[in-house]
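Analysis of the macromolecular model
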Amino acid sequence: MRKVLAVSLSALLFLSACGTEEEQKSAGQAGVFDSVKVKVEDAETVPEVEFDAPLDITESAAKVVHTGDGEEVADGQSITFKFVALNAEDASVLGDTYAQAASALPVNDMLKEQDPVLYEVLLGAKVGSQIAYAFPDAQAQASGAEDAEEQPTQVMVLNVLSTQDTVPMLDKDEAAARNADGTLLMSQDEVAALEGDGKLPKVTFGDDGVPAVEIPEDAVEPEKLIVKVLEEGEGAALTETSTVKANYLGVGLRDGETFDSSYEQGEAIEFPLDGVISGWTYGLSGQKAGAKVLLVIPTELAYGDPAQNGPSGPLVFVVDIEEVK
């Protein structure tokens, strides 16, 4: 998480607020943000931030420097946020993300383990709050050993825009248990019914064999994994631990936008079936080389929502299995 934020600092801005003791919740290095002031115009405008420079930041620190009036952030939810970054040495602005789409961050056990300082301050913070945050150790690691000393310590001011409930990925054991008890996959009768009602993504193939996916307006976000064989294979069958070589196209079920495609890379990809998301592991297990398969994968069998390592929400894949190893 820290490294992600550090890398994002190419685009960030400034603040002013006084408040009650409740509004000044902080964690990490004590007192480092006591001089930070924030002037907030509205949620979409970069705030003005000032402080008594330089700030002597030697360890991670976070503090609510302006309190919003929205709902409180609860454990297990995620926040959306934008941020501005400043140079701790002279309070100059390094950049901001206000012209970009908001980022998402789960406030969960993973954040608590990776960044307890930020977790402590975000938990219970209200939507609309501005949070000053610094992470010198992580910044140094992200910058690289050679130039770490030359990089100024950065102070970020995070604007908490919204909260939402989080849908986590099922871990491997949970997915295996659901597969074993028959609650992981949607039955073929149910899949056929969805297709008959026009609620299943439609796949077409071009003359070059490249697939295209059309998402119906009333597409269903499934609770179970949908598997539809578009073309039967005649080769070796996949097991949950096989290695497969395949071409694939991946699109979001909610927006129909392509997020990954081996066709665009120009070659099939080889991977172990037990080393990918559970939707692939159990959706492709049992299929044969030569098969073309449509997978509609629930959020919890994909990357979760919000996702930290891939696209968020339910996903659609078209997979052309070339070889089973």
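Just above, that's the structure.
Our subject in this report is the structure included herewith.

The rules we used
- Residues numbered from 1 in each chain as written.
- Predicted model: local features only at pLDDT ≥ 70, side-chain atom pairs only at ≥ 80, totals over all residues.
- Heavy atoms only, no water.
- Helix = DSSP H or I, 4+ residues; strand = E, 2+ residues; numbered from the N terminus.
- Buried < 20%, exposed > 50% of the residue type's maximum accessible area, 1.4 Å probe, protein only.
- Areas by Shrake-Rupley, 256 points an atom, 1.4 Å probe, with all protein chains shown as cover.
- Salt bridge = Lys/Arg side-chain N within 4 Å of Asp/Glu carboxyl O.
- Core = buried A, V, L, I, M, F, W, Y, C linked by side-chain atoms within 4.5 Å.
- Contact = heavy atoms within 4.5 Å.
- Polar contact = N/O pair within 3.5 Å; in protein donor to acceptor, adjacent residues only side chain to side chain.
- Phe/Tyr/Trp six-rings, centres within 6.5 Å; stacked < 30°, edge-to-face > 60°.
- Lys NZ or Arg CZ within 6 Å of the ring centre and 35° of its normal.
- Patch = residues over 30% accessible without salt bridge, like charges linked within 9 Å, V, L, I, M, F, W, Y side chains within 5 Å.
- Lys, Arg positive; Asp, Glu negative; His and termini not counted.
- Charge placed at Lys NZ, Arg CZ, Asp CG, Glu CD.
- Pairing = 2+ DSSP bridges.

Here the focus is the overall build of the chain. Helices and strands together make up the secondary structure of the chain, namely 8 helices and 17 strands. Burial statistics for the chain: of 325 residues in total, 46% are counted as buried. Accessible surface computed for the chain: about 15700 Å², of which carbon and sulfur atoms make up 44%.

In this section: the pattern of salt bridges. Inspection of the entire model under this criterion finds 8 salt bridges. Measuring nitrogen to oxygen at the nearest pair gives 3.3 Å for the salt bridge that ties K82 to E44. Within this pair, whereas K82 is found in strand β5 (residues 77-87), its partner E44 is found in the loop between β2 (37-39) and β3 (48-50), the two being separated by 38 residues in sequence. For K82, a relative accessible area of 8% corresponds to the buried category. Because the salt bridges share partners, they merge into one network encompassing E221, R254 and D305.

Side chains of a nonpolar character, in soluble globular proteins, are inclined to be buried together. Core analysis: the biggest nonpolar cluster contains 27 residues, and W280, L284, L295, I297, F317, V319 and I321 have the highest contact counts within it. Taken together, the elements giving at least two residues each to this core come down to β13 (243-252), α8 (278-284), β16 (292-297) and β17 (315-324). Looking at which element gives the most residues to this core, the answer is β17, with 5 residues. In this structure, I297 is in contact with L225, I277, G279, W280, A302, P314, L315 and F317, ignoring residues within four places of it in sequence. Counting residues in each nonpolar core, the second largest holds 23 residues, with I79, V121, F135 and M156 among its members.

Here we come to the environment of A27. For A27, the location among the structural elements is in strand β1 (residues 26-28). Considered as a pair, A27 and A62 are 35 residues apart in the sequence and their alpha carbons are 5.5 Å apart.

Attention now goes to the environment of D171. Among the secondary structure elements, D171 is positioned in the loop between β9 (154-165) and α5 (172-180). Each C-alpha atom, one on D171 and one on E300, is 8.9 Å from the other, the two residues being 129 residues apart in sequence. Here E174 takes part through its backbone nitrogen, which lies 2.7 Å from a polar atom of the side chain of D171.

For the structure shown, the criterion picks out 7 aromatic pairs. Judged by centre distance (5.1 Å) and plane angle (65 degrees), the ring pair of F271 and W280 falls under edge-to-face. For the residue pair F271 and W280, the accessibility class agrees, reading buried in each case. Residues W280 and F317 carry aromatic rings whose centres are separated by 5.1 Å and whose planes lie at 85 degrees to one another, so their mutual orientation is edge-to-face. Here F317 lies in strand β17 and W280 lies in helix α8, a separation of 37 residues in the sequence. Each member of the pair, W280 as well as F317, is classed as buried. Taken together, the ring pairs in this structure connect Y248, F259, F271, W280 and F317 into an aromatic cluster. Here K292 stacks its cationic end above the ring of F205, 4.6 Å away from the centre of that ring.

As a further point, take a negative patch on the surface. Where like charges cluster on the molecular surface, the negative patch consists of E41, D42, E48, E50 and D52. Counting through the fold element by element, E50 comes out in strand β3.

Here β17 lies mainly inside the structure; 8 of its 10 residues are buried. Pairing geometry for β13 and β17, over 9 bridges, is antiparallel. Within β17, the residue paired with K245 across the bridge is E323. Two strands pair when backbone bridges link them, and β16 and β17 are joined in this way by 6 bridges, in the antiparallel orientation. Across the sheet, V293 pairs through a bridge with V319, a residue of β17.

For α5, the capping residue at the N-terminal end is D171, with a side-chain oxygen 3.1 Å from the backbone nitrogen of D173. One or two residues past the end of α5 sits G182, with phi positive at roughly 80 degrees.

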